[in-house]
Amino acid sequence: MSLANLESYQRTDWQQAADRAGANIETRLFIDGEFVDAAGGGRFDTLNPATGEVIASMSAGTAADIDRAVAAARRAFRSGVWSRMAPRRRMEVLYRFADLVEARAEQLAVLETLDMGKPIADVIGEDLPAVCQTLRFMAECIDKVDGAVTNTADDVVHMVLREPLGVVGAISPWNYPLLMATWKIAPALAAGNTVVLKPAEQSPLSCLRLAELFLEAGGPPGVFNVVNGMGEEAGKALALHPNVAKISFTGSTEVGKLILQYAGQSNMKHVGLECGGKSPQLFMADLPDLGSAVAAAYNGVFANMGEVCSAGSRLLVERPIYMDFIERFIAEGRDAYVPGDPLDPGTNMGPLVTRSDQQRVLAMIQAGRDEGATLHFGGDVPAGLERGAFVNPTLFADVNNDMTIARQEIFGPVASVIPFDGVDEVLEIANDTIYGLAAGVWTRDIDKGFHLLKRIEAGIVWVNCYEGGDMTQPFGGYKQSGNARDKCIDSYKSYTQSKSAWIQLAGGPG
Ligand code: NAD
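Residues numbered from 1 in each chain as written. Predicted model: local features only at pLDDT ≥ 70, side-chain atom pairs only at ≥ 80, totals over all residues. Heavy atoms only, no water.

**Brief notes about the overall build of the chain**
Part 1: Looking only at helices and strands, the chain features 16 helices and 21 strands.
Part 2: A compact globule built from 510 residues should have a C-alpha radius of gyration of about 24 Å, and the chain, at 24 Å, falls within 12% of that.
Part 3: Counting only C-alpha atoms and orienting by the principal axes, one finds that the chain spans roughly 80 × 60 × 45 Å.
Part 4: With 510 residues in all, the chain has 58% of them scored as buried.
Part 5: If you take every contact in the chain between residues at least 6 apart in sequence, the share linking residues at least 24 apart comes to 76%.
Part 6: When the accessible surface of the chain is split by element, carbon and sulfur atoms take 51% of a total near 19,600 Å². (Helix = DSSP H or I, 4+ residues; strand = E, 2+ residues; numbered from the N terminus. Rg over C-alpha atoms; globule rule 2.2 N^0.38 Å. Buried < 20%, exposed > 50% of the residue type's maximum accessible area, 1.4 Å probe, protein only. Contact = heavy atoms within 4.5 Å. Areas by Shrake-Rupley, 256 points an atom, 1.4 Å probe, with all protein chains shown as cover.)

Structure (structure tokens):
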């Protein structure tokens, strides 16, 4: 069933789809164009966080499997079967790949929902369309992003060639398993590299199918490999590998710092990091419309269960509108997201990804209470859903920026409202964080809006909206949110390197 037709699916259709997918789960690693067991025979369970049930026992890759996958990727790269494929042909493979993702959307969507608890409506309405857009955008770059011929003296021709890097190691998180992986593999493959992907161990299912579809689309064996396994084992081995030219990592800041160390300890590989965030939204008293601002506030922190790197988790509200803002948030935000069965297309909030994430988020909420923030709603586990890793959407007000809930990335549905007075104080609070991924600014004063956006230390600033964007948008952070930019043309370029070809001409034309 293709993506376009899935909108009409009811709960029972999705249950049948889940049963079909469940009967046909692939648990092995995907190396050199085929599914293989892990060399050491190790396994780990992947659980459905909505029910706590084991979905499958997965092959756990170790350093030996990473070696095997990198060797296959290196062979494929050096053979030129992909890296030197005619640009238009490589483009056609990626377009077919995107078409196949659409055609097999049912299976991909249901695996994603079972594995990490994301509402099925989000997977088919947002994640999978974005996966296809990413593949197509990066495919288009293949014959649009050129090298250069520079202006030199008459007896020289100087060309700047743009070449792929080699084997790219991609390490991805679980919050958007297919999309975050695609933000890496699409530009890497488009630019002619070969890839070894290590998905997050909490969500190992869907990317195996992605690799299979690439092969079916005409991608040569060995070009796109997937090795599931633990981060400290398989991920570390990939980041330390001497034959990996670049590690593209999305995940926590803590692990991002380790990846930089591994690169330094091994071969000085390129490192692209997309890490955590604690993004502020700045609601100035002169904002254009309180209703849309408040809606952006709760959507920005409750969507995807708050498991979003760019979640607007610090809501900075200017004092003249502070009470109105909170009242409206309570009135409209309390029931905007209702935890429930993620396979039901009417559900907009699933469980957190694991029971330990649920416990971590509940502990953060307790810290908020202990440190004196005012809990307006939520903070607990929804009644009747105790089997899963659910947490109710939660609103804290009267937060100050020194509290744990304002400093640490919660990665759950917890909003913190912080009052302020004036532009100087809001900038002070907004920038007082180790992170710098995103920010929102709400004002009807265009000058104030520009001044604020220029002085905010963040890679993305939205004005009078939140989470907008398209494929042209560089997505990435300042400070400890990382150094990479996904999605845009610069992302494609970051999987290439330039070669200067300086050609001395002998004699003159006569
Ligand atoms: P994580 O850092 O725990 O894990 C991310 C990946 O790194 C996983 O595949 C994991 O197996 C691997 N890993 C863990 N330890 C490793 C090690 N020692 N060596 C190599 N690899 C290792 O993060 P997570 O919990 O999966 O994801 C949540 C985090 O990701 C949040 O901090 C979130 O903000 C961030 N994130 C950032 C972006 C962005 O674009 N900036 C997007 C999504 C998520």
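**Brief notes about the packing of helix H14 (residues 422-431) against helix H15 (residues 446-455)**
Part 1: Where H14 meets H15, the closest approach of the two axes is 11 Å, and the angle between their N-to-C directions is 30°. Looking at the two axes, H14 sits roughly parallel to H15. Both H14 and H15 take part in a crossing whose hand is right-handed. Between H14 and H15, the residues in contact are Val-423, Asp-424, Val-426, Leu-427 and Asn-431 and Lys-448, Leu-452 and Arg-455, respectively.
Part 2: Each residue belonging to the contact of H14 with H15 can be placed in one class, and the counts come to four nonpolar, one polar and three charged. (Axes fitted to C-alpha atoms, helices over the stretch in contact; angles between N-to-C directions. Parallel < 35°, antiparallel > 145°, perpendicular 65-115°, else oblique. Left-handed = near helix turned anticlockwise from the far one by under 90°. Nonpolar A, V, L, I, M, F, W, Y, C, P; charged D, E, K, R; others polar.)

**Regarding a nonpolar patch on the surface**
Part 1: A cluster of nonpolar side chains, Val-149, Val-157, Ile-503 and Leu-505, forms an exposed patch at the surface whose accessible area comes to about 300 Å².
Part 2: Mapped onto the elements, Val-149 comes out in strand S5 (residues 148-150). (Patch = residues over 30% accessible without salt bridge, like charges linked within 9 Å, V, L, I, M, F, W, Y side chains within 5 Å. Salt bridge = Lys/Arg side-chain N within 4 Å of Asp/Glu carboxyl O.)

**Some thoughts on the nonpolar core**
One recurring pattern in soluble globular proteins is that nonpolar side chains are buried together.
Part 1: Ranked by size, the top nonpolar core spans 139 residues in total, and within it Trp-14, Phe-97, Val-101, Phe-224, Phe-283 and Phe-329 carry the most contacts.
Part 2: By residue number, the principal contributor to this core is helix H5 (residues 120-141), which donates 12 residues.
Part 3: The residues that make up this core include at least three from each of domain 1 (3-275 + 484-496) and domain 2 (280-470).
Part 4: If near-sequence neighbours (up to four positions away) are discounted, Phe-224 is found in contact with Phe-30, Phe-97, Ile-185, Leu-189, Val-195, Leu-197, Leu-210, Ala-211 and Phe-214.
Part 5: If you look at the next biggest cluster of nonpolar residues, it comprises 26 residues, including Val-70, Val-244, Val-271 and Cys-275. (Core = buried A, V, L, I, M, F, W, Y, C linked by side-chain atoms within 4.5 Å. Domains from an automatic or database assignment.)

**With respect to the sheet that holds strand S6 (residues 156-164)**
Pairing between the strands of a sheet is mediated by backbone hydrogen bonds and can be parallel or antiparallel.
Part 1: Strand order in this open sheet of three strands is S5-S6-S21, and the pairing throughout is antiparallel. Unpaired on one side and paired on the other, S5 and strand S21 (496-504) mark the two borders of the sheet. For this sheet the average axis-to-axis angle between neighbouring strands, irrespective of direction, equals 25°.
Part 2: As paired strands, S5 and S6 are joined by three bridges and run antiparallel to one another. Bridge pairing links Ala-148 to Val-160 in S6. (Pairing = 2+ DSSP bridges.)

**So, the domain arrangement of the chain**
Size of an interface: often given as the accessible area lost when the parts come together.
Part 1: Taken domain by domain, the chain holds domain 1 (3-275 + 484-496) and domain 2 (280-470).
Part 2: For domain 1 versus domain 2, the separation of C-alpha centres amounts to 30 Å.
Part 3: Of the residues lining the interface, 29 residues belong to domain 1; the matching set on domain 2 comes to 29 residues.
Part 4: Interface of domain 1 and domain 2: buried area, both sides summed, is about 2,200 Å²; carbon and sulfur atoms make up 61% of it.
Part 5: For the pair domain 1 and domain 2, the interface holds two salt bridges.
Part 6: For the salt bridge of Asp-341 with Arg-11, the shortest nitrogen-to-oxygen distance reads 2.5 Å.
Part 7: Taken together, the links from domain 1 to domain 2 amount to eight residue pairs in polar contact (both at pLDDT 80 or more).
Part 8: At the level of secondary structure, the elements contributing two or more residues to the side of domain 1 that touches domain 2 comprise helix H1 (11-22), helix H4 (105-116) and H5. (Buried area = accessible area lost by both parts, 1.4 Å probe. Polar contact = N/O pair within 3.5 Å; in protein donor to acceptor, adjacent residues only side chain to side chain.)

**Description of the site of the ligand**
Part 1: Close contacts around the ligand come from 30 residues, with Ser-172, Lys-198, Glu-201, Ser-252 and Glu-409 the closest.
Part 2: Lys-236 places a polar main-chain atom, nitrogen or oxygen, 3.5 Å from a nitrogen atom of the ligand.
Part 3: In this structure, Ser-252 approaches the ligand through a side-chain N or O atom, which is 2.6 Å from an oxygen atom.
Part 4: About the coverage of the ligand: the protein hides 92% of its 840 Å² of free accessible area.
Part 5: Among the secondary structure elements, those contributing two or more residues to the shell around the ligand are helix H8 (231-240), strand S10 (246-250) and helix H9 (253-265). (Near = heavy atom within 4 Å.)

**Re the packing of aromatic side chains**
Part 1: Within this structure, the stated rule accounts for 16 aromatic pairs.
Part 2: When the ring of Trp-174 is compared with that of Phe-411, the centres are 5.4 Å apart and the planes differ by 80°; the resulting orientation is edge-to-face. Taken together, the positions of Trp-174 in the loop between strand S7 (167-171) and helix H6 (177-190) and Phe-411 in the loop between helix H13 (404-407) and strand S16 (414-420) put the pair 237 residues apart, joining distant regions of the chain. An identical accessibility class is assigned to Trp-174 and Phe-411; each is buried.
Part 3: Between Trp-183 and Phe-475, the aromatic rings sit 5.0 Å apart at their centres with planes inclined by 55°, giving tilted as the arrangement. Placement of the pair is Trp-183 in helix H6 and Phe-475 in the loop between strand S19 (460-463) and strand S20 (478-479), with a sequence separation of 292 residues.
Part 4: Using a relative accessible area of 8% as the deciding quantity, one classes Trp-183 as buried. (Phe/Tyr/Trp six-rings, centres within 6.5 Å; stacked < 30°, edge-to-face > 60°.)

**What about unusual backbone geometry?**
Part 1: Although it is not a glycine, Asp-32 adopts a positive phi angle of roughly 55°.
Part 2: Counting through the fold element by element, Asp-32 comes out in the loop between strand S1 (29-31) and strand S2 (34-36).
Part 3: The backbone of Glu-467 shows a phi angle near 70°, a positive value even though the residue is not glycine.
Part 4: The topology assignment puts Glu-467 in the loop between S19 and S20.
Part 5: A residue is classified by how much of its surface remains accessible, and Glu-467, at 34% relative accessible area, is partly exposed.

**Observations concerning the packing of H4 against H5**
When two helices pack together, their arrangement is given by the angle between the helix axes and by the axis-to-axis distance.
Part 1: It is the contact of H4 with H5, at a shortest axis distance of 9 Å, that shows an interaxial angle of 120°. The orientation of H4 with respect to H5, classified from their angle, is oblique. Regarding H4 and H5, the two cross each other, and that crossing is right-handed. On H5, the residues that touch Ala-105, Leu-108, Ala-109, Val-110, Glu-112 and Thr-113 of H4 are Ile-120, Val-123, Ile-124 and Leu-128.
Part 2: Residues of the contact of H4 with H5, tallied by class, amount to eight nonpolar, one polar and one charged.

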